[in-house]
Amino acid sequence: MTPFDRPPVGMNLGRTAKLVAQAFDAALVEAGGTLPIWLTLLSVKSSNLANQRELAGMIGIQGATLTHHLNAMEAQGLLMRRRDPVNRRVHLVELTEAGEAMFETLRKAALVFDKRLRVGLTDERLAEFAQVLAVLRGNVGG
């Protein structure tokens, strides 16, 4: 017998988050991308000419990890980096035409996945869910 009359919230949330994240990554892979590629394209697209430090912060990864992803994406022709003319130590990141096309492909896959997640949920339930998530973030100090 466990000390809980139902599964702990954190365990239930963690398992669900992991399952959803795996399914989302699979949807992106099926569309020709990956979660790191999607997050990088989305961040670059959202900020126009972002520098690498800003991008790492937006994505929530370390600079060295981002550099690894950017090198691979640059080799695939999805983006290009150039030095900031004002501060030569800073690299600016821009999407190429192929990067723009990949962004659109992955954006469509993300929208289809989001629609799949929303099946059976009313706007009211989704709003309540967002409130519950906000409370949980607050409860852990986030």
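Rules and cut-offs
Residues numbered from 1 in each chain as written. Predicted model: local features only at pLDDT ≥ 70, side-chain atom pairs only at ≥ 80, totals over all residues. Heavy atoms only, no water. Axes fitted to C-alpha atoms, helices over the stretch in contact; angles between N-to-C directions. Helix = DSSP H or I, 4+ residues; strand = E, 2+ residues; numbered from the N terminus. Parallel < 35°, antiparallel > 145°, perpendicular 65-115°, else oblique. Contact = heavy atoms within 4.5 Å. Core = buried A, V, L, I, M, F, W, Y, C linked by side-chain atoms within 4.5 Å. Buried < 20%, exposed > 50% of the residue type's maximum accessible area, 1.4 Å probe, protein only. Phe/Tyr/Trp six-rings, centres within 6.5 Å; stacked < 30°, edge-to-face > 60°. Expected span 1.5 Å × (residues − 1). Arc of directions from axis to C-beta.

Asker: Lay out the packing of helix α2 (residues 35-47) against helix α4 (residues 63-75) with the relevant residues and their values.
Answerer: As a packed pair, α2 and α4 sit with axes 11 Å apart at the nearest point and diverge in direction by 90°. One element, α2, and the other, α4, form an angle in the roughly perpendicular class. On α4, the residues that touch Pro 36, Ile 37, Thr 40 and Leu 41 of α2 are Leu 66, His 69, Leu 70 and Met 73.

Asker: Any chance you could break down the nonpolar core for me, citing the residues and the numbers?
Answerer: Core analysis: the biggest nonpolar cluster contains 22 residues, and Ile 37, Trp 38, Leu 41 and Leu 106 have the highest contact counts within it. Contributions of two or more residues to this core are made by α1 (9-30), α2, α3 (52-59), α4, β3 (91-95) and α5 (97-118). With 6 residues, α5 is the single largest residue contributor to this core. Dropping the residues within four chain positions of it, Leu 106 is found in contact with Leu 28, Ala 31, Gly 33, Ile 37, Trp 38 and Leu 41.

Asker: Account for the packing of aromatic side chains, naming residues and giving values.
Answerer: Enumeration according to the criterion identifies 2 aromatic pairs in this entry. Between Phe 24 and Phe 113, the aromatic rings sit 5.2 Å apart at their centres with planes inclined by 45°, giving tilted as the arrangement. Taken together, the residues span a long stretch of sequence, with Phe 24 in helix α1 and Phe 113 in helix α5 at a distance of 89 residues. The pair formed by Phe 24 and Phe 113 is uniform in burial state, with each residue classed as buried. On the basis of an interplanar angle of 20° and a centroid distance of 5.5 Å, the ring pair of Trp 38 and Phe 103 is categorised as stacked. One end of the pair, Trp 38, is in helix α2; the other, Phe 103, is in helix α5, and 65 residues separate them in sequence. Here Trp 38 falls in the buried class, since its relative accessible area comes to 8%. Under the relative-accessibility criterion, Phe 103 is labelled buried at 7%.

Asker: I'd like a description of α5, backed by residues and values.
Answerer: Along its 22 residues, α5 runs 32 Å from first to last C-alpha, staying within 8% of the 32 Å computed at 1.5 Å per residue. Where α5 is concerned, the buried positions are Gly 99, Met 102, Phe 103, Leu 106, Ala 109, Ala 110 and Phe 113. Down the axis of α5, the buried set is contained in an arc of 135°. They therefore lie on one face. Across α5 from its buried face, at more than 90 degrees, point the exposed residues Glu 97, Lys 108, Leu 111, Val 112 and Lys 115.

Asker: Describe α3, listing the residues and the values that go with them.
Answerer: Residues of α3 that are buried include every one of Gln 52, Leu 55, Ala 56 and Ile 59, and no others. Along the axis of α3, the buried positions cluster into a sector of 100°, meaning they face one direction only. For α3, the exposed residues set more than 90 degrees away from the buried face come down to Arg 53 and Gly 57. Looking one or two residues beyond α3, the residue adopting positive phi is Gly 60, at roughly 90°.

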